[in-house]
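Observations on chain architecture
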Amino acid sequence: MAQSAVYPGSFDPITNGHIDIISRASSLFDKVIVAVTQNHYKPPFIPQADRLSLAQESLATFSNVQVKSFDTLLVNFAKKEGVRIIIRGLRAVSDFEYEFQLAGMNKKLDSHIETLFITPAEQYSNISSSLVREIVSLGGDIANFVPAGVNDFLKKYVK
Ligand code: ADP
């Protein structure tokens, strides 16, 4: 059976940790859809159109990865794309509680949905979009945490 998976997130911004997860998923599935959310409750740091194009540019070398935006319920987006598998990343035990709850809610919303968790290589386990936002806003160097295009964008963006 040809299998596709969706990797949803706010990607605000996409980091080397996300890319490690996507790289692992792209070697496991025929197709991976990276789904960039519009955050309805918290205004994002970076507008959705820019988060989308930064993800597209950072993932251009993965031929079986597509980047799409989505503004609906994730399970509805997955159904529309014909996908049953949701990928999420787990960095540490601290991610587990929220991710476990999210996976359970999505399964309640659509019992066919399966959430699969992927852990990153150790050097990525401390990277988070929120710390990248904080560091760059305070003038720190984020070059080791994000792709070069994201670094360039953010340095100009926070000026
Ligand atoms: P959300 O806003 O939905 O939590 P994120 O863009 O922050 O989305 O993250 C998307 C997914 O990637 C989440 O499952 C998150 O735990 C995971 N993730 C984020 N950073 C990393 C990282 N450095 N390594 C592995 N997984 C990560």
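Residues numbered from 1 in each chain as written. Predicted model: local features only at pLDDT ≥ 70, side-chain atom pairs only at ≥ 80, totals over all residues. Heavy atoms only, no water.

Structurally, Thr37 can be placed in strand S2 (residues 31-37). If sequence neighbours within four positions are ignored, Thr37 has contacts with Gly9, Ser10, Gln48, Arg51 and Phe70. (Helix = DSSP H or I, 4+ residues; strand = E, 2+ residues; numbered from the N terminus. Contact = heavy atoms within 4.5 Å.)

On to helix H1 (residues 16-28). It helps to recall that an α-helix has 3.6 residues per turn; residues three or four apart then point in one direction. Taking 1.5 Å as the rise per residue, H1 with 13 residues should run 18 Å; its terminal C-alpha atoms sit 19 Å apart, in good agreement. Regarding H1, the residues found buried are Asn16, Gly17, His18, Ile19, Asp20, Ile21, Ile22, Ala25 and Ser26. Near the N-terminus of H1, the side chain that reaches the backbone nitrogen of Gly17, with its oxygen 3.2 Å away, is that of Thr15. (Expected span 1.5 Å × (residues − 1). Buried < 20%, exposed > 50% of the residue type's maximum accessible area, 1.4 Å probe, protein only. Polar contact = N/O pair within 3.5 Å; in protein donor to acceptor, adjacent residues only side chain to side chain.)

Further remarks concern the site of the ligand. Lining the immediate surroundings of the ligand are 16 residues, of which Tyr7, Ser10, Gly89, Tyr124 and Ile127 lie closest. One nitrogen or oxygen atom from the side chain of Ser10 is found 2.6 Å from an oxygen atom belonging to the ligand. Gly89 places a main-chain nitrogen or oxygen 2.9 Å from an oxygen atom of the ligand. Expressed as a share of its isolated accessible area of 550 Å², the protein-covered part of the ligand is 86%. Contributing elements (two or more residues each) for the shell around the ligand: strand S1 (4-9), H1, strand S4 (85-89) and helix H4 (93-109). (Near = heavy atom within 4 Å. Areas by Shrake-Rupley, 256 points an atom, 1.4 Å probe, with all protein chains shown as cover.)

Attention now moves to the side chain of Arg88. With respect to the secondary-structure elements, Arg88 resides in strand S4. Contacts of Arg88, omitting those with residues within four sequence positions, involve Tyr7, Pro8, Gly9, Tyr98, Glu99, Leu102, Thr115, Leu116, Phe117 and Ile118.

Summed over all chains, the structure comprises six salt bridges. Two residues, Asp12 and Arg133, come together in a salt bridge whose shortest N-O distance is 3.8 Å. Note that Asp12 is positioned in the loop between S1 and H1 and Arg133 in helix H5 (residues 129-137), a separation of 121 residues in sequence. Judged by relative accessible area, which is 6%, Asp12 ranks as buried. With a closest N to O distance of 2.8 Å, Arg24 and Asp20 form a salt bridge. Linking Arg24 with Asp20, this pair stays in helix H1, spanning four residues, or about one helical turn. Using a relative accessible area of 11% as the deciding quantity, one classes Asp20 as buried. (Salt bridge = Lys/Arg side-chain N within 4 Å of Asp/Glu carboxyl O.)

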